[in-house]
Amino acid sequence: MLALELARASGARIKTGVTVTGFRVHGDRVRGVTTTDGNIEAETVVIAAGPLSGPVGELAGLELPLATVRRQKLIMPDVPQIPEGAPMTIDFETGAHWRPTGTGAHALWTAPAPAEPPVDDVPTSASFAFGLLDPSSDHALARIVPFWKDVWASSRLQWWLQAGQYTYTPDRRPLLGPTLIPGLAVNTGYSGHGIMGSIGGSRRAIDAITGKLRAVDNPFRPDRPMESRAFDVL
Ligand SMILES: Cc1cc2nc3c(=O)[nH]c(=O)nc-3n(C[C@H](O)[C@H](O)[C@H](O)COP(=O)(O)OP(=O)(O)OC[C@H]3O[C@@H](n4cnc5c(N)ncnc54)[C@H](O)[C@@H]3O)c2cc1C
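A quick note: this is a predicted structure, and the numbers were derived from the prediction, not measured.

Strand order in the open sheet made by the 3 strands is 4-11-10, with mixed pairing throughout. Where the open sheet ends on each side, the last strands, each with one partner, are strand 4 (45-47) and strand 10 (175-178). Taken over all neighbouring pairs, the strand axes of this sheet differ in orientation by 25 degrees on average, direction set aside. In this structure, strand 4 lies alongside strand 11 (residues 184-188), joined through 3 bridges in parallel fashion. The partner of Ile47 across the bridge, within strand 11, is Val186. Across the sheet, helix 5 (residues 194-210) touches strand 4, strand 10 and strand 11, and the angle it forms with strand 10 is around 25 degrees.

Before going further, it helps to spend a moment on the nonpolar core. Counting residues in hydrophobic clusters, the biggest one holds 16 residues, and the most contacted among them are Leu74, Val79, Ala105, Ala107, Leu132, Leu133 and Leu141. Broken down by secondary-structure element, the contributors of at least two residues to this core are strand 5 (67-76), strand 8 (104-108), helix 3 (126-133) and helix 4 (147-153). Counting residues per element, this core draws most heavily on helix 3, at 3 residues. Other than its neighbours up to four places away in sequence, Ala105 contacts Met76, Val79, Ile82, Trp98, Arg99 and Pro100.

Entries for the chain in the domain assignment read domain 1 (18-66 + 169-217) and domain 2 (69-166). Computed from C-alpha coordinates alone, the two centres of domain 1 and domain 2 are separated by 32 Å. Between domain 1 and domain 2, the residue contacts involve 6 residues of the former and 5 residues of the latter. A breakdown of the residues in the side of domain 1 that touches domain 2 according to their chemical character gives 3 nonpolar, 3 polar and no charged.

On to the pairing of strand 8. Here strand 8 shows a clear split, with Ala105 and Ala107 buried on one side and none of Gly104, His106 and Leu108 buried on the other. The pairing of strand 5 with strand 8 spans 3 bridges and is antiparallel. Within strand 8, the residue paired with Ile75 across the bridge is His106. By the bridge criterion, 5 bridges tie strand 7 (residues 97-101) to strand 8 in an arrangement that is antiparallel. Bridge pairing in strand 8 links Thr101 to Gly104. The hairpin turn running from strand 7 into strand 8, its antiparallel successor, is 2 residues long, and Gly102 in that turn takes a positive phi close to 60 degrees.

Attention shifts here to the site of the ligand. What surrounds the ligand is a group of 20 residues, the closest being Ala49, Gly50, Gly164, Gly194 and Ile195. The residue makeup of the shell around the ligand, split by class, is 10 nonpolar, 8 polar and 2 charged. Residues lining the shell around the ligand come from more than one domain, with at least three contributed by each of domain 1 (18-66 + 169-217) and domain 2 (69-166).

This paragraph deals with the sheet that holds strand 7. In space, the 5 strands of this open sheet follow the order 6-7-8-5-9, with antiparallel pairing throughout. This sheet does not close on itself; its edge strands, each paired only once, are strand 6 (89-90) and strand 9 (160-168). Running over the sheet, helix 3 touches strand 5, strand 8 and strand 9 and is turned about 60 degrees from strand 5.

Cut-off values and rules
Residues numbered from 1 in each chain as written. Predicted model: local features only at pLDDT ≥ 70, side-chain atom pairs only at ≥ 80, totals over all residues. Pairing = 2+ DSSP bridges. Helix = DSSP H or I, 4+ residues; strand = E, 2+ residues; numbered from the N terminus. Axes fitted to C-alpha atoms, helices over the stretch in contact; angles between N-to-C directions. Contact = placed C-beta atoms within 7 Å. Core = buried A, V, L, I, M, F, W, Y, C linked by C-beta atoms within 7 Å. Buried ≥ 20, exposed ≤ 12 C-beta atoms within 10 Å, placed from the backbone. Domains from an automatic or database assignment. Nonpolar A, V, L, I, M, F, W, Y, C, P; charged D, E, K, R; others polar. Near = placed C-beta within 6 Å.

Right under this line is the structure:
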């Protein structure tokens, strides 16, 4: 919803179902892209391909410091046990958390996981759901919110899983603005915070591209020196 509304309000022309297959380069400058639906010329090309930003950057000879890690979300459309007005609840010791949505809830667990190659269609695994729902699990939602035991015992519970990949940078901060390749910029590497960070991040990326934000004042410039940071709990 957020992405659709931002797209509508921007007034930009948007093509869906089209894949960027390469870059058009004149001299040392990127001048556009080749796609499955023809070529597009542009003064500046911005790579904003989420987990696939690394492979897309490689098409232009750009190496981005990105690692992709699988993350799953448990979706339960109807959980009558949730009290009215229940808040998003995080178990900071384990990273397990849930939030009410409509008549149900979404639940996640973001334990450290190995980096995997970036893919478009990320597989789910049922053990993720049982790890959150089974009260005997060491990161069960029921550890700090007891009504989840009733949810587990209920024969009515329906759920399904979605999966995607977090796109991590070494310092867990995004890469925003022009790269060292003239005409090529990035807006990626949100390290799991790309919904919350997208509006401010994209504003910065645009300001950095247009020169309103100088490279020295941009803490997210893609070629910054980076200190490795630990994974966030969320
Ligand atoms: C399970 C899960 C839960 C999450 N929960 C939260 C949360 O609660 N809060 C939060 O802030 N963030 C959350 N995130 C992270 C958030 O989803 C991402 O940070 C955000 O979607 C990144 O946005 P993006 O635009 O950089 O990339 P994406 O949303 O991945 O968009 C990239 C787009 O580029 C397209 N693309 C890729 N390659 C090409 C190509 N060659 N040509 C054309 N198009 C291409 C893709 O199809 C895709 O549409 C979650 C992520 C996961 C996986």
